[in-house]
Amino acid sequence: MKKVLALLLALVLAAALVACSTETSSASPSASSAAPTSSAPASDAASPSAPAAGGKIGVAMPTKSLERWNRDGAFLKKQFEAQGYTVELTYSDNDATKQVNDIENMIADKVDLLVIAAIDSQGLSTVLKDAVDAKIPAIAYDRLIMDTSAVAYYVSFDNYTVGKLQGQYVVDTLKLDVNDKSKTYNIEFTAGDPADNNARFFYQGAYDVLKPFLDAGILKVPSGQIAFDQVATPKWTTATAMNRFQNILASFYSSGTQLDVALCSNDSTSLGVTQAIQSDYKGKNTVVITGQDGDEANLANIIDGKQSMTVYKAVANEAVVTVDLGIAMLKGEKPDGALIDKSGWKFSCTFDTKTYDNNTGIIPSYLLVPTVVTIDNLQKELVDTGYYKMDGKYPKAVG
Ligand code: GAL
């Protein structure tokens, strides 16, 4: 009898052990169980009770008319769902009021977490107060959300570095030397949407690299348009950038003035500027044209020699960081740099607690690394990595 009881007991214990190991293996490989001690500054952002996998995530994207967001939304949805969460994904046609409504609906639907790429970085403080009241934490995705402490974390690329890379590309391509004033070059600037907090970081990064050459008179701006508000492009719209640039060419380049550089903050604006140069610029020289995002039409222009470079940002990885961060938050953790150390991510990412102050204090940020892509490294950086596949002569984004 004792032997039988002992045998039964051993069997029960063995069964219990098996149950534990299965639980561990089902957790996302990058989310570890050890709750890191957080150095993240306390914010009002709600700390949720940990919904079991199967919680609901509200993902609010700006628009489908700017190419990359289609990929961001798809990656976020796919990756959260792969972890057992349901996703409410919205696109708000670059209409800030519509995005507020979409987020209000998500709050009413009792999502457990909000992931928001803001259309108007300064237009969400009211609706996010409702999120705090409903104990729903928010992650600012790619674009910082201002004037609200409802934002627990920010995930993006190093936006200032994006601009620096564009500026440095111009310096390297023209072989600018601040001590060599024997030759001067004409440059025109096109920046992004004033409502987008990123736009000023991109522009400032590029401007800071080029300023010594502007000050030295090596780089000249025939239109005189340098201040951010003079060169900004509301909603990042291609047509707006094209129209402005056609006016600049007509006003300042019609009598044979040479244009050497068109510094554009991203690909949707670069596409418009390239169209204006193709149709209205009389000069025979190849204009150095910058961009950002790796939009398919712009990669085709790079292959055809119409655009010089783009700064590529692997948004698939930006989604990976956001999903792992979101899951850790939903488990009641307060992630910090340790999330990166234990993540197993195959890409670089830094944890920053200095750069991004949204007027309510520093927002702890996970920043990924942007890459310069030209015709020389496009195959290696975009196709061999699997982010794009070649479709005939031109690359197509994967996913
Ligand atoms: C920025 C984003 C860029 C670019 C731009 C227009 O916020 O960081 O990658 O896409 O919006 O969508």
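Residues numbered from 1 in each chain as written. Predicted model: local features only at pLDDT ≥ 70, side-chain atom pairs only at ≥ 80, totals over all residues. Heavy atoms only, no water.

What counts here: UniProt positions are given in the numbering used here, feature names are shortened, and annotations may be inferred rather than shown by experiment.
Under an unreviewed UniProt entry, the name given to the protein chain is Putative multiple sugar transport system substrate-binding protein, and the organism recorded is Sporobacter termitidis DSM 10068. The protein chain has a UniProt comment under Subcellular location (unreviewed entry) that states "Cell envelope".

1. Overview of the site of the ligand
Using the following cut-off: Residues are classed as near a molecule or strand on a simple rule: at least one heavy atom within 4 Å of it. For this analysis, a polar contact is any N or O atom pair within 3.5 Å, provided that within protein one partner can donate a hydrogen and the other can accept it, and provided that sequence-adjacent residues contribute only side-chain to side-chain pairs. Areas reported here follow the Shrake-Rupley algorithm with a probe of radius 1.4 Å; residue values treat only the protein chains shown as occluding. Space inside and on the surface of the protein is sampled on a 1 Å grid over the protein atoms alone, with a cavity defined as a set of points where a 1.4 Å probe fits but cannot get out and a pocket as an open set with protein on both sides within 12 Å along at least 5 of 7 lines; lining residues have an atom within 4 Å of a point. Whether a molecule lies in a cavity or pocket depends on its atoms, and more than half of them have to be within 2 Å of the grid points. The numbering of helices and of strands both runs from the N terminus, where a helix is a DSSP run of H or I of at least 4 residues and a strand a run of E of at least 2. Reported domain spans reflect what an automatic or database domain assignment gives.
Taken together, 13 residues are adjacent to the ligand, and Asp 142, Arg 143, Asp 196, Asp 293 and Lys 313 come closest. At a separation of 2.6 Å, an oxygen atom of the ligand approaches a polar side-chain atom of Asp 142. Measuring from an oxygen atom of the ligand, one finds a side-chain N or O atom of Asn 198 at 3.1 Å. When isolated, the ligand has an accessible area of 300 Å², and the protein chains bury 99% of it. Mapping the ligand onto the cavity grids shows that it belongs to the second largest cavity. Where the shell around the ligand is concerned, the elements lending two or more residues are helix 2 (67-82) and helix 6 (197-215). Both domain 1 (56-157 + 314-368) and domain 2 (160-292) contribute no fewer than three residues apiece to the shell around the ligand.

2. A word on the layout of surface pockets
Selection criterion: Grid points are joined across faces, edges and corners, and a volume is the space filled by probe spheres set on the points. Throughout, the ten residues Ala, Val, Leu, Ile, Met, Phe, Trp, Tyr, Cys and Pro are labelled nonpolar, Asp, Glu, Lys and Arg are labelled charged, and all others, Gly among them, are labelled polar.
For the largest pocket, the calculated volume is near 200 Å³. In this structure, the largest pocket is lined by 13 residues; those nearest its centre are Ala 314, Asn 317, Val 369, Thr 371 and Tyr 387. By residue class, the composition of the lining of the largest pocket is seven nonpolar, four polar and two charged.

3. Some words on helix 6
In an α-helix there are 3.6 residues to a turn, and that puts residues three or four apart on one side. In plain terms, the rule: Expected helix span is taken as 1.5 Å per residue step, with the number of steps being one fewer than the number of residues. The quantity called bend is, for any residue, the angle between two axes fitted respectively to the seven residues ending at it and the seven beginning at it. Only protein chains enter the area calculation, which uses a 1.4 Å probe; residues under 20% of their type maximum are buried, those over 50% are exposed, and those in between are partly exposed. A contact between two residues is defined here by any heavy atoms of the two lying within 4.5 Å.
With 19 residues, helix 6 extends 27 Å from end C-alpha to end C-alpha; this agrees with the ideal 27 Å at 1.5 Å per step. Maximum bend of helix 6: about 45°, positioned at Val 209, with proline Pro 212 one to four residues after it. Of the residues making up helix 6, those classed as buried are Asn 197, Asn 198, Ala 199, Phe 202, Tyr 203, Gly 205, Ala 206, Tyr 207, Val 209, Leu 210, Phe 213 and Leu 214. Those residues of helix 6 that are buried are in contact with strand 5 (151-157), helix 5 (159-174), strand 6 (185-190), strand 7 (219-220), helix 7 (228-231) and strand 8 (261-264). Capping the start of helix 6, Asp 196 holds a side-chain oxygen 2.8 Å from the backbone nitrogen of Asn 198, two or three residues further along.

4. Some remarks on the confidence of the model for the protein chain
Stated formally: Residue-level confidence of the predictor, termed pLDDT, takes values from 0 up to 100.
Residue-level pLDDT values for the protein chain average 90, and 87% of them are 70 or greater. The model gives residues 16-52 a pLDDT under 50, and that stretch makes 53 contacts with residues more than four places away or in other chains.

5. Quick word on the environment of Gly 192
Tracing the backbone shows Gly 192 in the loop between strand 6 and helix 6. Judged by relative accessible area, which is 0%, Gly 192 ranks as buried. Sequence spacing of Gly 192 and Ser 268 is 76 residues, and the spatial spacing of their C-alpha atoms is 9.5 Å. Discounting chain neighbours no more than four positions away, the residues touching Gly 192 are Ala 199, Phe 228, Ala 232, Thr 233, Trp 236 and Ser 265.

6. Some details on the side chain of Asp 352
Let me state the cut-off plainly: The charge count includes Lys and Arg as positive and Asp and Glu as negative, but it does not include His or the ends of the chains. The term salt bridge refers to a side-chain nitrogen of Lys or Arg lying within 4 Å of a carboxyl oxygen of Asp or Glu.
Here Asp 352 is to be found in strand 11 (residues 349-352). Although Asp 352 lies buried, it forms no salt bridge, and the closest oppositely charged side chain, Lys 354, sits 7.1 Å away as judged by the N-O distance. A distance of 2.8 Å separates a polar atom in the side chain of Asp 352 from the backbone nitrogen of Lys 354. In contact with Asp 352, not counting residues within four places along its chain, are Ile 363, Pro 364, Ser 365 and Leu 367.

7. Considerations on the pattern of salt bridges
With the rule as written, the count across this model stands at 13 salt bridges. When the shortest N-O distance is used, the salt bridge between Asp 102 and Lys 98 registers 3.6 Å. Here the residue Asp 102 and the residue Lys 98 both occupy positions in helix 3 (residues 96-108), the gap between them amounting to four residues, near one helical turn. Classification of Asp 102 as buried rests on a relative accessible area of 11%. Taking the relative accessible area as the measure of exposure, Lys 98 reaches 31% and is therefore partly exposed. Among the charged side chains, a salt-bridge network with shared partners connects Arg 68, Asp 72, Asp 142 and Glu 318.

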